[in-house]
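# Working through the structure, step by step
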Amino acid sequence: MSPNSPVRSALAANLRRERGRRGLSLSELSRLSKIGKATLSQLESATGNPTIETVFSLSRALEVPISDLLDTGHAEAVTVVRAADVDVLSGEGVDLRPLRRIEAGGVIVEVYDQQVRADSQQPSLGHAGTEHTVVQSGTLSVEVDGHRVELGPGDYVSFDASLPHRYAANDGPVRSVLLLHYRSGGGAARQEGPSTPH
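All figures in this text were calculated on a predicted structure; none of them were measured in a lab. (Residues numbered from 1 in each chain as written. Predicted model: local features only at pLDDT ≥ 70, side-chain atom pairs only at ≥ 80, totals over all residues. Heavy atoms only, no water.)

### Some details on the pattern of salt bridges
The criterion, for reference: Salt bridge, as used here: a side-chain nitrogen of Lys or Arg that lies within 4 Å of a carboxyl oxygen of Asp or Glu. In this description a helix means any DSSP run of H or I spanning at least four residues, a strand means any run of E spanning at least two, and both kinds are numbered starting from the N terminus. Accessible area is worked out with a 1.4 Å probe on protein chains only. A residue is then buried under 20% of its type maximum, exposed over 50%, and partly exposed in between.
Within this structure, the stated rule accounts for ten salt bridges. Here R21 and E18 are joined by a salt bridge, their closest N and O atoms 2.6 Å apart. Here R21 pairs with E18, and both are found in helix α1 (residues 6-21), just three residues apart, close to one helical turn. According to the relative accessible area criterion, R21 is exposed, its value standing at 57%. For E18, a relative accessible area of 0% translates into the label buried. A salt bridge links R101 to D68; its shortest N-O distance comes to 2.4 Å. Taken as a pair, R101 in strand β2 (residues 94-104) and D68 in helix α5 (residues 66-70) lie far apart in primary sequence, 33 residues in all. Residue classification places R101 among the partly exposed residues on the basis of a relative accessible area of 22%. Counted as one network, the salt bridges with shared partners bring together R17, E18, R21 and R22.

### Quick notes on the packing of helix α2 (residues 26-33) against helix α3 (residues 37-44)
Using the following cut-off: What counts as an axis is a line fitted to C-alpha atoms, over the stretch in contact for a helix, and the angles between N-to-C directions run from 0 to 180 degrees. Should an angle fall under 35 degrees it is taken as roughly parallel, and over 145 as roughly antiparallel, whereas 65 to 115 is taken as roughly perpendicular and any remaining angle as oblique. Helix crossings fall into two classes, left-handed where the near helix is turned counterclockwise from the far one by less than a right angle and right-handed where it is turned clockwise. Contacts are assigned to residue pairs with any non-hydrogen atoms lying within 4.5 Å of each other.
Taken N-terminus to C-terminus, the directions of α2 and α3 make an angle of 110 degrees; their axes are 9 Å apart at the nearest point. With respect to their mutual orientation, α2 and α3 come out roughly perpendicular. In this structure, α2 crosses over α3, and the sense of that crossing is right-handed. For the pair α2 and α3, contact is made by L26, S27, L29, S30 and S33 and by K37, L40, S41 and E44, respectively.

### Section: unusual backbone geometry
A positive phi is found at A46, a non-glycine position, where the angle reads about 65 degrees. Its location among the elements puts A46 in the loop between α3 and α4 (52-62). The exposure class of A46 is partly exposed, given its relative accessible area of 23%.

### A look at the packing of α2 against α4
Operational definition: Side-chain classes are defined by residue name, with Ala, Val, Leu, Ile, Met, Phe, Trp, Tyr, Cys and Pro counting as nonpolar, Asp, Glu, Lys and Arg as charged, and the others, Gly among them, as polar.
In the contact formed by α2 and α4, the axes pass within 9 Å of each other and the chain directions differ by 105 degrees. Taken together, the axes of α2 and α4 lie roughly perpendicular to each other. Here α2 contributes L29, L32 and S33 to the contact with α4, which in turn contributes S57, L58, R60, A61 and L62. Split by residue class, the contact of α2 with α4 holds five nonpolar, two polar and one charged.

Quick look at the structure:
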């Protein structure tokens, strides 16, 4: 991620705002998020290099949607997001490109282009929201709170993102669309429709 990255700048400003709104010291946020105080200080000064794990931990600790931490605050009548213009947020096994935040009817939806690297996995202790994934290409293994499913192109999975979960690509890279949705005002939005919660 470049030093002038919009993601770094947005995260720095939004993290300071959310921490201040909750009256948390860096030490308190460090304890809640399990992220070192020095790392938090670097993130708030836009000199740190945020990872998926870091941002998801902050989302969980502050109980806010991920887009509240990454949003750069601009909206247009027609929104086009070019792949080359979006910073990639990388983790242990996943590369995420935040594409859009949509807020309507008391629900926030975040849209991500998600790539799981070949022969890798991305664990998560859980975070706010309900997670929805649609596989575009490859075979995705998803484990949620001990329950494991294999998904191919066109397959969909949804689950309570506060549960421990893991994505893995054991047979080559996987391309998918990740949607996270929340109720406005914080907390995980309940999943709707015929899917059974995991």
